[in-house]
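Coordinates in review
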Amino acid sequence: MFRTPQVILFSDDLPRIVGFYKRLGFTETFRVPEEGEPIHVDLVLDDYKIGIASGESSRMDHGLSPVTEGQRAAIILWTDDTAAAYADLVANGAPPLAGPHRWLDRLLIAWTADPDGNPVQLVQSL
């Protein structure tokens, strides 16, 4: 009945947030329109797909009332070196939410955020 789940984030600045996720290794797989200012972009990393939709387009085209900033959803990224990934993101302007710390005695996690304020968790197995 259902297939191919995907999370969509709403944003008022698609080029900025798409650029952020591309710097994390995501690849663009879909864009509307193909030329000019996008209203929707899909990105993929491994088998994890996220979409970024324009808040204005979501209001006008679909009658939604999207929230386009703040802690609405969390993006979780596994890494081999949480501390290095966190330091790199923070050094490049991502806001620090919680520095690297042990959790459940088997994970090292840290939290930062994307340009719209969605938390980004970095996770490493210990």
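Note that the structure is predicted; figures quoted are calculated from it, not measured.

Definitions and limits used
- Residues numbered from 1 in each chain as written.
- Predicted model: local features only at pLDDT ≥ 70, side-chain atom pairs only at ≥ 80, totals over all residues.
- Heavy atoms only, no water.
- Salt bridge = Lys/Arg side-chain N within 4 Å of Asp/Glu carboxyl O.
- Helix = DSSP H or I, 4+ residues; strand = E, 2+ residues; numbered from the N terminus.
- Buried < 20%, exposed > 50% of the residue type's maximum accessible area, 1.4 Å probe, protein only.
- Core = buried A, V, L, I, M, F, W, Y, C linked by side-chain atoms within 4.5 Å.
- Contact = heavy atoms within 4.5 Å.

Moving on: the pattern of salt bridges. Pairs can form between side chains of opposite charge whenever their charged atoms are close. Going through the model one piece at a time under the given rule, you end up with six salt bridges. Asp116 is the salt-bridge partner of Arg16, the closest N and O atoms lying 2.2 Å from each other. With Arg16 in helix 1 (residues 14-23) and Asp116 in the loop between strand 7 (107-113) and strand 8 (119-125), the pair connects residues that are 100 residues apart, well separated along the chain. A relative accessible area of 36% means that Arg16 is categorised as partly exposed. On the basis of relative accessible area, Asp116 is assigned to the buried category, the value being 5%.

Ranked by size, the top nonpolar core spans 19 residues in total, and within it Tyr21, Leu43, Ile50, Ile52, Ile75 and Val120 carry the most contacts. Counting residues per element, the ones that place at least two in this core are helix 1, strand 3 (40-45), strand 4 (48-54), strand 5 (75-78), helix 3 (82-91) and strand 8. Top contributing element to this core by residue count: helix 1, with five residues. Those residues in contact with Leu43, other than ones at most four positions away along the chain, are Val18, Tyr21, Lys22, Phe26, Thr27, Glu28, Thr29, Tyr48, Lys49, Ile50 and Ile52.

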